[in-house]
Amino acid sequence: MNAERLKRSLEISAPDLDDPRVRLAIIPQVFAKGREIDCVLVFEDNRAAKEMFYTTKGVPVQSFVACVEIKNHSPDDVRLHGTHLEVKYDDGWHDATSQADAQVWALKDFQQFSYAGKARRNKTYVQSVLWLPRVPSDALPELPNGRSGIFRADLTWARLIDGFEVNPAQRKVQTLVPACQDGKHHSYESLVKALTDRVEPTRLDLRRVNALTQKRFDADKQAYIRKMGSGLLMFRGRAGTGKTFALIQMAIHLARQGERTRIVTYNHGLISDMARAMTIIRDRHEDISPVPEVETRWMLMHELFGLAFGGDAVSRVSKLYGELEEREALFLRALRHPDPFLKEAVPCCANKVSGKNCHCDQRQGKAKTWSDISVYREKFPPPYDYLLVDEGQDWTTEHRDLMYDVFGPGRVIVADGVDQFVDRSRCDWDRGDISKNRIVPLRTSRRTKAATCDTINDVARALEVPDWDVEPDQAMAGGRITVLVEPQPYRAIQRALDLLGEDLVTQPKMRPVDALMCLPSKDATPGTNYCNLFERAQEKSHGDYWRGYDWETRKNREYPSRQSALRAVLYQSCRGMEGWTTLCMGLDQFYDHATAKPDIDIEGLRDDLKTDFGFLFSKAAFEEKLAAERRVYALNWLMIPLTRSMDHLIIHLTDSESVLGRVLQGVDYDKIRWQ
């Protein structure tokens, strides 16, 4: 309805839009990086220069892309908060300016999604439009207008284009190129196609989606679902026991009740995987609304800080603190201890923050406190009804306590891994003073077929993995493990891809996107870059692939949208992911590297031992404890890729006599096929 209303407003004010040489696509309800954009405008004018539309300053308008956020609020429910426009909902005031800005950046990043392998187009400039169709032109005269991109009920085509940024190189409003010009920049056709394409699900996608969206639950699950909101709900288990699956399933169940949910995880690869599933669910299940969103903890903290201190404070933080970790540390400190934060002086420049020489003059460097540029709210409505935390053991207690303060324990659901890998100290969400719904133990493998799971259990026993208790699901019969021995990395990748090709031939319902390639980072394999070698092999064979190891892909939350795209990630990003066939390249090198260079706080370990042993502390005892910690760290990381496969696990070894190679040789010969 908003799109139709916008169309009428523009057509009435600009009849020339009907000219066949003029193209204007109004695309409603575009989803980009977990955000829903009301409308996207894509415009191209193929007429001669003298016939084109012109701004009041005489600038021709040849093409543009605009992100349109429409707020159907009355004037009484619209206000300025600092320099940001806010609109009122039942639960309080919401920052419409920040929402519109975030949607612009999401749309810009979405434009860079690859269209074949690593081939991607550059993002275009996106104009921002915030339209208030129920606010008369003479109401709220203090509202910014024109170039700010905020428009009232009197929006016309002329007013719209008058506020647009001009391409200085072309001296006109132009952001698109002709379709035949190059493959690096978007044309009208390529961008409209990208914005209107749908993900075609594979058979495996549909099986996963059907499992996630099932409405009937067993009696045990019904018991804690009935108590939702009464206290903390936590799913606890080892790798492969279905913690993330349970989390997503709960989010979908809550969405069916009309609850707004946000799943938060560290893993960018998993975010992309979830985004693909949510896109399919959105297209096939209209009763699931609003569809759960998936994001990083950093983005959640960014949003909470903005709600508490306003958009101007967020903008200043972005200019001063270049590193995301620095910003999150500031967000956490401010949200947990707002009073001293508001009294602090705001650094004059980024140099001041990083300890470098500051060249600001006295006027520029005039000290201001954070209270001068923030509009602080001690209480603000939570942005979501339920927060679902993935890999909760990796959070800090400060972050945990903030979540309880904002959402309340009854609105927090946690997936808790038995082992921790990212942060150096485990976070226990089962705080003694909070109400609890249920701590749900998960022990049965929900991903891997029984035969494969049984063999992995043999490996875990041979490696003496502490307390490994994953049980095979006998209802999931079958499963295979192949060990590929090849010292030459490029040839190893080619041989592994050949094995995958055999699976694709013998299992015609499987598609490349159903498989998962796990690669070691350059740190683990000095002198060898498996990611580059993988790309070379795929480009040589004209194979499509999704680069989950690439920062641009992770940053853009780019999900594999094509059935032909083989998913590839680093080992550090494979948690929570799965493949019908999973290929683990250089796994012995990855394990050796994790053993040799674990992420362990060695000095903290030494201090703890000194505290525990006192004068009995010895170097020998410390070395023994350190060796044990190294081993546990490496084993925890090893078991993650070993539990990623559903049907066929392919393990590549560079040396059959490596530590891992000798362990695998000790497993019953009938359980593993050696190549």
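The following paragraphs examine the structure supplied in this document.

### Details of the packing of helix α20 (residues 587–596) against helix α22 (residues 619–642)
Inference 1: The N-to-C vectors of α20 and α22 enclose an angle of 150 degrees; their axes lie 8 Å apart at closest approach. Relative to α22, the element α20 is oriented roughly antiparallel. As for how α20 packs across α22, the hand of that crossing is right-handed. Contacts between α20 and α22 involve Leu 587, Phe 590, Tyr 591, Ala 594, Thr 595 and Ala 596 from the former and Arg 630, Arg 631, Tyr 633, Ala 634, Leu 635, Trp 637, Leu 638, Pro 641 and Leu 642 from the latter.
Inference 2: Looking at the contact of α20 with α22 residue by residue, the class counts come to 12 nonpolar, 1 polar and 2 charged.

### Side note on the sheet that holds strand β6 (residues 78–81)
Inference 1: In space, the 3 strands of this open sheet follow the order β6-β7-β8, with antiparallel pairing throughout. Each edge of the open sheet is held by one strand with a lone partner, namely β6 and β8 (92–95). Strand after strand, the sheet turns through a mean of 40 degrees between neighbouring axes, direction not considered.
Inference 2: Relative to strand β7 (residues 84–89), helix α2 (residues 96–110) is tilted by about 110 degrees, and along the sheet it contacts β7 and β8.

### Considerations on the environment of Tyr 386
Inference 1: Relative to the helices and strands, Tyr 386 is located in strand β16 (residues 386–389).
Inference 2: Along the backbone, Tyr 386 and Tyr 89 are 297 residues apart, and their C-alpha atoms lie at a distance of 18 Å.
Inference 3: In this view, Tyr 386 contacts Met 228, Gly 229, Leu 254, Glu 259, Arg 260, Thr 261, Arg 262, Gly 410, Arg 411 and Ile 413; residues no more than four positions away in its chain are not counted.

### With respect to unusual backbone geometry
Inference 1: Each neighbour pair has its own omega, and for Ser 289 with Pro 290 the value is -5 degrees, a cis peptide bond.
Inference 2: Turning to its location among the elements, Pro 290 is positioned in the loop between α8 (268–284) and β13 (293–295).
Inference 3: The phi angle at Asp 467 is positive, at roughly 55 degrees, despite the residue not being glycine.
Inference 4: Relative to the assigned elements, Asp 467 resides in the loop between α16 (450–463) and β19 (480–485).

Definitions and limits used
- Residues numbered from 1 in each chain as written.
- Predicted model: local features only at pLDDT ≥ 70, side-chain atom pairs only at ≥ 80, totals over all residues.
- Heavy atoms only, no water.
- Axes fitted to C-alpha atoms, helices over the stretch in contact; angles between N-to-C directions.
- Helix = DSSP H or I, 4+ residues; strand = E, 2+ residues; numbered from the N terminus.
- Parallel < 35°, antiparallel > 145°, perpendicular 65-115°, else oblique.
- Left-handed = near helix turned anticlockwise from the far one by under 90°.
- Contact = heavy atoms within 4.5 Å.
- Nonpolar A, V, L, I, M, F, W, Y, C, P; charged D, E, K, R; others polar.
- Pairing = 2+ DSSP bridges.

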